[in-house]
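# Residue-level structural notes
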Amino acid sequence: MSDSAARDRDAVETESAFSHPAVAPDASAAYGDHPDQVIDFYAPRDGRAGAPVVVVLHGGAWRGPYDRRHVTPFADFLARRGFAVANVEYRRGSELPQQRGSGPVAGRWPETFDDVAAAMDALPGLLAVALPEADARRIVVTGHSAGGQLALWASARHVLPQGSPWRLAAAPPLRGVVALAPIADFATAVELDVCSGAVGQLLGREADFAARSPYADPAALLPTGIATAVVQGRTDLTVPHAVAEAFVDAAAKAGETVGLTLLEDVGHFPLIDPAADACAVVAEEIAQLAW
């Protein structure tokens, strides 16, 4: 496929993914005082009791303009598949001077990670009130793009370096994680300038980057012992499949097997587009871990 044809396909896929109207949640709950510290809940549409829970962490290069609304059709799609869904918002787009770069600033250090950790820790209690029909013993975390990085990170908090405020004493009680086109290997992502330098903006420059990477880079947080699958489009222009492959290779070197599903003729956004066949593949990957 020519570069021009690939860009045309990517534009069509992106338009499709963002064409769906936002879907209002069945309930919402705060896990902190900041307006972005909120989780939206979607009940399984078939009304079943004991439904497994899918935690969704949205993408958008950790940048402020991209919030959880663009994945609400995906959350609803999963709810129609019989899952209870928790769509997590978190702080993005720092205004810290030391993180300013040449483009839009990505993420906040440490607030983005504070929020994901706090949301995951608060989730069982919030579920008991907002979606009592859900089975909090069966939780799968998924995330797209930058959210895929956060999903992998959320499942790896027990292997964070000693002294990290986010470290857990034991592995989180998850059935698994399904990362969708994740920014999962920071070295490869930087080499390929994924999302116009977003990783560098997330961690900061030079000394900050080196100091913070061991606390944030999924490829550095292995092995986890948590069942992990990656779903990736082979024609993804936003997060090229080389990033996912580097993460899977790093896992193998650490003695852990990570499942990798590479979808032919699929780009970045079909993975969260309910109108795309790729989205059904994602739901099946989640189901294999959840049920």
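Residue positions within a chain follow its written sequence, with the count starting from 1. With the structure being a predicted model, the display of local features is reserved for residues of pLDDT at least 70 and the display and counting of side-chain atom pairs for 80 or more, all residues being used for whole-chain, interface and lining totals. With hydrogens and water set aside, each side-chain value is computed from the structure's full complement of heavy atoms.

Summary of the metric used: pLDDT quantifies the predictor's per-residue confidence within the range 0 to 100. Residues at a pLDDT of 70 or more form 96% of the chain, whose mean pLDDT is 95. Put simply, DSSP H or I for four residues or longer makes a helix, DSSP E for two residues or longer makes a strand, and each gets a number counted from the N terminus. Across the chain, the secondary-structure element scoring lowest on mean pLDDT is helix α1 (residues 3-17), at 93, and the one scoring highest is strand β6 (residues 176-180), at 99.

Core analysis: the biggest nonpolar cluster contains 65 residues, and I39, F41, V55, W62, V141, I183 and F247 have the highest contact counts within it. Looking at this core element by element, the count peaks at 8 residues for helix α3 (residues 111-130). In what follows, residue pairs with any heavy atoms lying within 4.5 Å of each other are defined as contacts. Not counting the four nearest positions on each side in its chain, V141 is found in contact with V55, L57, M120, A151, L174, G176, V177 and V178. Grouped together as the second largest cluster of nonpolar side chains are 31 residues, Y42, A79, F83 and A287 included. Take the buried residues of types Ala, Val, Leu, Ile, Met, Phe, Trp, Tyr and Cys, join any two whose side-chain atoms come within 4.5 Å, and each joined set is a nonpolar core. A simple rule labels every residue: compare its accessible area, found with a 1.4 Å probe on the protein chains alone, to the largest value its type can have, and call it buried under 20%, exposed over 50%, or partly exposed in between.

Our focus in this paragraph is the packing of helix α2 (residues 72-80) against helix α9 (residues 277-290). Put simply, α2 and α9 touch, their axes get as near as 11 Å, and they point 55° apart. Considering their axes alone, α2 and α9 lie oblique with respect to each other. As for the relative orientation of α2 and α9, their crossing is right-handed in sense. Listed contacts from α9 to F74, F77 and L78 of α2 are C279, A280, V282, A283 and I286. For this scheme, ten residues count as nonpolar: Ala, Val, Leu, Ile, Met, Phe, Trp, Tyr, Cys and Pro. Four count as charged, namely Asp, Glu, Lys and Arg, and the remainder, Gly too, count as polar. Partitioning the contact of α2 with α9 into residue classes produces 8 nonpolar, no polar and no charged. Note on geometry: axes are C-alpha line fits, over the in-contact stretch for helices, and angles between N-to-C directions span 0 to 180 degrees. Oblique is the label for any angle not under 35 degrees, not over 145, and not in the 65 to 115 range, which are roughly parallel, roughly antiparallel and roughly perpendicular in turn. Should the near helix be turned anticlockwise from the far one by less than a right angle, the crossing is left-handed, and should it be turned clockwise, the crossing is right-handed.

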